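In case you want the letters, here they are:
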Amino acid sequence: SSSATTAVGTTPPHRVVVLDPGIAEVFVHLNMTDKMVGRPGYTDHLQPIAHIPTMGTGITPQYEHIVRTNPDLIMTTGSGGKVLDDLKNIAATQKFDWLRVSEVVEGTRAIGERMGKPDEANALANQIAEGLRTTATTDSPRVLLLLGAPSETATELWYVKKDSLHGAALAAAGGNNAVTQSFSG
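First things first, this report covers the structure right here in the doc. Not measured: the values here are computed from a predicted model.

### Digging into the environment of F183
Reasoning step 1: Relative to the helices and strands, F183 is located in the segment after strand 9 (176–177).
Reasoning step 2: The contacts of F183, once residues within four sequence positions are left out, are R100, Y159, K161 and D163.

This is the structure:
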């Protein structure tokens with residue numbers, strides 16, 4: 001579930017640092033990029049925000065760059081512990097869980113509420129939920145989907161959990177996840 005990690009006011013912020021590519025896409029879809037003073041890494045493909053300075057991610061934020069933007073709000077996923085505490089010391093910080101379809105849908109609605117665009121965000125959230133609705137049947141192929149970092153030295157592969165956002169995308173594409181158990185974490 002999404003949660004505000006510091007007290008945030010009711011007036012929509014004007015200077016937002018976004019540290020997650022998914023949240024950045026919500027800003028693009030809701031035409032709120034004029035409120036962004038910092039964008040996350042891995043968003044060079046999003047033309048409407050390509051001119052906005054990169055601030056890192058929720059896991060590896062670039063603190064000095066963030067401080068220079070003087071944000072009234074930081075929106076992130078993945079941050080925890082000391083990183084989250086450090087972000088909260090810079091500005092009000094809203095952290096979202098963003099690993100499952102239900103979390104993305106709920107988070108999208110919360111972003112719209114916070115930014116003063118609840119109706120538009122609700123429509124986008126409904127579109128996300130519908131787009132990731134499963135189309136797999138019992139006759140659909142079983143697929144083992146593995147993810148890994150593109151590196152010559154990295155040998156780790158991660159499998160996609162069936163109840164994850166990636167698992168939902170696999171099911172929406174018509175595949176049955178070969179990993180049938182649910183795991184936490």
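### Looking at the side chain of S164
Reasoning step 1: Take S164: it is sitting in the loop between strand 8 (158–159) and helix 6 (165–172).
Reasoning step 2: Judged by relative accessible area, S164 falls into the buried class, the value being 16%.
Reasoning step 3: There is a polar contact of 2.7 Å between the side chain of S164 and the backbone oxygen of K161.
Reasoning step 4: At a separation of 2.9 Å, a polar atom in the side chain of S164 contacts the main-chain amide nitrogen of G167.

### Looking at the nonpolar core
Reasoning step 1: Counting 24 residues, the largest nonpolar core has I23, F27, M75 and I111 as its most contacted members.
Reasoning step 2: For this core, the secondary structure elements donating two or more residues are strand 2 (16–18), helix 1 (21–29), strand 4 (73–76), helix 4 (101–115) and helix 5 (118–131).
Reasoning step 3: A per-element tally of this core places helix 1 first, with five residues.
Reasoning step 4: Those residues in contact with I111, other than ones at most four positions away along the chain, are I23, V26, F27, M32, M75, F96 and W98.
Reasoning step 5: Formed by eight residues, the second largest nonpolar core is a distinct cluster that contains V17, L19, I66 and L87.

### Quick notes on the environment of Q62
Reasoning step 1: Here Q62 is to be found in the loop between strand 3 (36–38) and helix 2 (63–69).
Reasoning step 2: Given a relative accessible area of 34%, Q62 falls into the partly exposed group.
Reasoning step 3: Non-local contacts of Q62, meaning those with residues more than four positions away in its chain, are made with T54, M55 and G56.

### Quick look at the packing of aromatic side chains
Reasoning step 1: Applying the stated criterion across every chain yields a total of one aromatic pair.
Reasoning step 2: Ring centres 6.1 Å apart and planes at 75° place the aromatic pair F96 and W98 in the edge-to-face group. Each member of the pair, F96 as well as W98, is classed as buried.

### Description of unusual backbone geometry
Reasoning step 1: The phi angle at N31 is positive, at roughly 55°, despite the residue not being glycine.
Reasoning step 2: Secondary-structure assignment places N31 in the loop between helix 1 and strand 3.
Reasoning step 3: The class for N31 is exposed, based on a relative accessible area of 60%.
Reasoning step 4: Although it is not a glycine, N70 sits at a positive phi angle of roughly 50°.
Reasoning step 5: The exposed category is assigned to N70, whose relative accessible area is 56%.

Reading the values: the criteria
The residue numbers shown here count from 1 along each chain, following its written sequence. Only residues with pLDDT of at least 70 are given local features in this predicted model, and only at 80 or more are side-chain atom pairs given and counted; all residues enter the totals for whole chains, interfaces and linings. Excluding hydrogens and water, the side-chain figures rest on all heavy atoms present in the structure. Put simply, DSSP marks the helices as runs of H or I at least four residues long and the strands as runs of E at least two long, and each gets a number from the N terminus on. Residue contacts are defined here by distance: any two heavy atoms, one from each residue, within 4.5 Å place the two residues in contact. Remark: exposure states derive from per-residue accessible area (1.4 Å probe, protein chains only) relative to the maximum for the residue type, with buried under 20%, exposed over 50%, and partly exposed in between. Polar contact criterion, stated in full: a pair of N or O atoms within 3.5 Å, where within protein one must be able to donate a hydrogen and the other to accept it, and residues adjacent in sequence count only if both atoms are side-chain atoms. Within this scheme, the nonpolar core is defined by two criteria: the residues are buried Ala, Val, Leu, Ile, Met, Phe, Trp, Tyr or Cys, and they are joined through side-chain atoms within 4.5 Å. Stacked, tilted and edge-to-face pairs are distinguished by plane angle, under 30 degrees for stacked and over 60 for edge-to-face with tilted covering the rest, among Phe, Tyr and Trp rings (Trp via its six-membered ring) whose centres lie within 6.5 Å.

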